Amino acid sequence: MEAPPVTVMPVTGGTINMMEYLLQGSVLDQALDSLLHRLRGLCDSMEPETFTDHELVYLLKGQQGNPFILRARRSLSHPSAPWHLRYLGQPEVGDKSRHAMVRNCVDVGASHSLPEFLNEMGFRMDHEFVSTGHIFRKGAMKIVVSKLSRILVPGNTENTERLSLSYLVELSVLAPAGQDTMSEDMRSFAEQLKPLIHLEKIDPSKQRH
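Just so we're clear, the structure is a prediction, and the values are computed from it rather than from any experiment.

What counts and how
- Residues numbered from 1 in each chain as written.
- Predicted model: local features only at pLDDT ≥ 70, side-chain atom pairs only at ≥ 80, totals over all residues.
- Heavy atoms only, no water.
- Helix = DSSP H or I, 4+ residues; strand = E, 2+ residues; numbered from the N terminus.
- Buried < 20%, exposed > 50% of the residue type's maximum accessible area, 1.4 Å probe, protein only.
- Contact = heavy atoms within 4.5 Å.
- Phe/Tyr/Trp six-rings, centres within 6.5 Å; stacked < 30°, edge-to-face > 60°.
- Arc of directions from axis to C-beta.
- Salt bridge = Lys/Arg side-chain N within 4 Å of Asp/Glu carboxyl O.
- Pairing = 2+ DSSP bridges.
- Core = buried A, V, L, I, M, F, W, Y, C linked by side-chain atoms within 4.5 Å.
- pLDDT = per-residue confidence, 0-100.

Chemist: I tried to follow the overall build of the chain on my own but got confused; where do I start?
Modeler: For the chain, the helix and strand inventory stands at three helices and ten strands. When the helices and strands of the chain are placed in sequence order, the string is β-β-α-β-β-β-β-α-β-β-β-β-α. Here the chain holds 209 residues, and the buried ones make up 39% of them. For the chain, contacts bridging at least 24 residues in sequence account for 69% of all contacts bridging at least 6.

Spelled out as structure tokens, the structure:
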């Protein structure tokens, strides 16, 4: 059986091979409103974007080394929107003076036949989850506050269970390689969110995709 045709296009501006600068943290459910209030005051727009996404993580296992991992995501709020296919590289372990974790990021839009295409290419779905939350923006920075839920019946996004009593908070910037001043801007912004949340650089040795 041949793989179904899949259309792939850049998400923004034709530049899809970028570096992601990332800080992460979490906040308990009862502190969410206070964090959102603070973000509304600090970010470019008072009202954030809201989203409900379904993400599937695919693995392609080789004979040696770690499996190749791709992430396919679709919007449950806007079913007609394109899928997104994302590759995240291993965190760089170079300059320890950086205030944020840095990794290669390739993000493209794709047609709705993406899951079938990945299966025909030899990828197998490892796990899937639903992510619901808010997106704030401050200049080039994106702040995502999300609740993650496991899917209890494969493919059924209506049947979920929350993974924890907290929200994941991610502060990120996509930029060409070498833009390390971004991490200083991120550190300054993260300082303004304390003590509500402590956003931290991830230890690459403990990072899992």
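Chemist: Would you mind going over the packing of aromatic side chains with me for this structure?
Modeler: Each aromatic ring pair is characterised by the separation of its centres together with the angle its planes make. Summed over the entire model, instances satisfying the criterion amount to two aromatic pairs. Considering the side-chain rings of Phe68 and Tyr87, the 5.3 Å spacing of their centres and the 10° angle between planes classify their relative orientation as stacked. With Phe68 in strand β4 (residues 68-75) and Tyr87 in strand β5 (residues 83-88), the pair connects residues that are 19 residues apart, well separated along the chain. On the accessibility criterion, Tyr87 (27% relative accessible area) is partly exposed. Between Phe68 and Phe123 the ring centres are 6.2 Å apart and the planes differ by 55°, which places this aromatic pair in the tilted class. Taken as a pair, Phe68 in strand β4 and Phe123 in the loop between α2 (114-120) and β7 (124-138) lie far apart in primary sequence, 55 residues in all.

Chemist: It is not clear to me how helix α1 (residues 32-42) should be interpreted in this structure. Could you clarify?
Modeler: Each α-helix winds once per 3.6 residues, and so residues spaced three or four apart point in a common direction. Of the residues making up α1, those classed as buried are Leu32, Leu35, Leu36, Leu39 and Leu42. Buried positions in α1, seen along its axis, are confined to an arc of 125° and lie on one side of it. Looking at α1, the residues exposed on the side facing more than 90 degrees away from the buried face are Asp33, His37 and Gly41.

Chemist: Just to check I follow, could you spell out the pattern of salt bridges for this structure?
Modeler: Counting across every chain of the model gives twelve salt bridges. A salt bridge links Arg103 to Glu20; the nearest nitrogen and oxygen atoms lie 2.8 Å apart. Of the two residues, Arg103 sits in strand β6 (residues 101-110) while Glu20 sits in strand β2 (residues 17-28), which places them 83 residues apart along the sequence. The exposure classification of Arg103 matches that of Glu20, with both residues buried. Each of Glu20, Arg86, Arg103 and Asp107 takes part in one network of salt bridges that share partners.

Chemist: Explain the pairing of β6 to me, please; I cannot follow it from the model alone.
Modeler: As a general feature of sheets, a regular strand has side chains that alternate between the two faces. Buried residues dominate β6, accounting for eight of its ten residues. Here β5 runs beside β6; their pairing, made up of six bridges, is antiparallel. Among the inter-strand pairings, His84 is bridged to a residue of β6, identified as Gly109.

Chemist: I'm lost on the pairing of β5 in this one. Help?
Modeler: Bridging between β4 and β5 involves three bridges; their strand directions are antiparallel. Along β5, the bridge assignment pairs Ala72 with Leu85.

Chemist: Please clarify how helix α3 (residues 181-191) should be interpreted in this entry.
Modeler: Of all the positions in α3, only Ser183, Met186, Phe189 and Ala190 are classed as buried. End-on, the buried residues of α3 take up no more than an arc of 120°, which puts them together on one face.

Chemist: Is there a simple way to think about the nonpolar core in this case?
Modeler: The nonpolar side chains of a soluble globular protein tend to be buried, and buried together. Formed by 27 residues in total, the largest nonpolar core has its most connected members in Leu39, Leu171 and Phe189. For this core, the secondary-structure elements that each account for two or more residues are β2, α1, β8 (141-151), β10 (166-175) and α3. Aside from chain neighbours lying at most four places away, what touches Phe189 is Leu39, Leu42, Cys43, Lys138, Met141, Ile143 and Leu171. Counting residues in hydrophobic clusters, the runner-up holds eleven residues, among them Leu56, Leu70, Ala72 and Leu118.

Chemist: Is there a simple way to think about the confidence of the model for the chain in this case?
Modeler: Parts of the model with low pLDDT should not have their predicted coordinates read in detail. Of all residues in the chain, 87% attain a pLDDT of 70 or more, and the chain-wide mean is 88. When the criterion is pLDDT under 50, residues 7-15 qualifies, and its contacts beyond four places in sequence or with other chains add up to 16 contacts.

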